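Observations on the three-dimensional arrangement
Given next are the chains, with one letter for each unit.
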Amino acid sequence: MMASHALYRALKASKAAFGAWITLPGTHNARIVVQSSPHLSWVMIDCEHGLTPLNVGSAETIQAIAGMGSSDISPLVRIPATGTCSSTSWMIKSALDAGARGVLVPMVSNPEKVKEIVSDCRFPPAGRRGFGNPITHLAWNVSVENYLESANESITIMVQIENKEGVENVEDIASVDGLDVLFIGPYDLSLNLGYPPPFQDVHPEVEKVIQTILEVAHRKGKKCGIYCSSGEQAFRRAQQGFDMINVTSDSGAMSEAIASNLKAAVGQNV
């Protein structure tokens, strides 16, 4: 049996894959998110800005999701270190050993870093990832042999384009063999290009850059993802051809639901 997962199959079938950001720690929180909708393909365990620690925390969260049995949603991990750091290798190893179906590396700016990331995600001879963790295959619900045979193909490798240098080098970044997804972070991208963060709509000049990244990714045979904070935004991005789209976060959805219900409770929706 091949080690596979929902995001992998959606990207291979060229279907829009909708996901949610996990910013809060805890296995129960992750399970609630995963069970929230049949339209969910993946969740991103955010170890960069979220509250789940990479070591132990991400592994426990992934195991909690895998332990649900019927769930086929892809647990992904955004590592803490950015592409401007030299310390991403061990973080990628930790995330993949925890059972992550893919890793997202923020602030990647050049193709040399992408090649390093791809190598860190793959077992030899295709890369330099080490083998030996006793729980990784269990998180995938496959045998050790099956995991080793299919991990290089099944793991989704993602980098975030969210600074000026990354935009300038996007053609070369998208040309790297083994990279699966160019993922756009509109907030940091806007700030790094000198525009305000898009709490509502993205600045028109930033939108031009976003559309350029989308076009380059597809032209180079890669998928393109983007972070959205609402279903309405996500729908528009899907219509534009984005392949991997975040819809909401656990903390954001909880806050919005509480605010909406309290507004109704005091009669403000009447």
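In this report, the structure presented in the accompanying data block is examined. Since this is a predicted model, take the numbers as computed values, not measurements.

When helices and strands are tallied, the protein shows 13 helices and eight strands. Computed over the C-alpha atoms, the radius of gyration of the protein is 18 Å, within 12% of the 18 Å expected from 2.2 N^0.38 for a compact globule of 270 residues. Each of the three principal axes of the protein carries a C-alpha extent, and together these read 60 × 40 × 35 Å. Looking at the 270 residues of the protein, the share that counts as buried comes to 52%. Look at the contacts in the protein between residues 6 or more apart in sequence, and 67% of them connect residues 24 or more apart. Charge separation in the protein, taken as the distance between the mean sites of 21 positive and 27 negative side-chain charges, equals 3 Å.

Moving on to helix α11 (residues 204-219). The end-to-end C-alpha separation of α11 is 23 Å, in line with the 22 Å expected for 16 residues at 1.5 Å each. Phi turns positive, to about 80 degrees, at G221, one or two residues after α11.

The eight strands lie next to each other as β1-β2-β3-β4-β5-β6-β7-β8, forming a closed barrel whose pairing is parallel. Going from strand to strand, the sheet's axes swing by 25 degrees on average, the running direction of each strand aside. Sheet analysis places strand β1 (residues 17-22) next to strand β8 (residues 244-249), joined by five bridges and oriented parallel. Pairing of G19 across the sheet is with N246, part of β8. Across the sheet, helix α2 (residues 27-34) touches β1 and β2 (42-46), and the angle it forms with β1 is around 160 degrees.

A rise of 1.5 Å per residue sets the reference length of helix α13 (residues 250-265), with its 16 residues, at 22 Å; its end C-alpha atoms lie 22 Å apart and thus fit the reference within 8%. Immediately downstream of α13, the backbone of G267 shows phi near 85 degrees, a positive value.

Reading the values: the criteria
- Residues numbered from 1 in each chain as written.
- Predicted model: local features only at pLDDT ≥ 70, side-chain atom pairs only at ≥ 80, totals over all residues.
- Heavy atoms only, no water.
- Helix = DSSP H or I, 4+ residues; strand = E, 2+ residues; numbered from the N terminus.
- Rg over C-alpha atoms; globule rule 2.2 N^0.38 Å.
- Buried < 20%, exposed > 50% of the residue type's maximum accessible area, 1.4 Å probe, protein only.
- Contact = heavy atoms within 4.5 Å.
- Lys, Arg positive; Asp, Glu negative; His and termini not counted.
- Charge placed at Lys NZ, Arg CZ, Asp CG, Glu CD.
- Expected span 1.5 Å × (residues − 1).
- Pairing = 2+ DSSP bridges.
- Axes fitted to C-alpha atoms, helices over the stretch in contact; angles between N-to-C directions.

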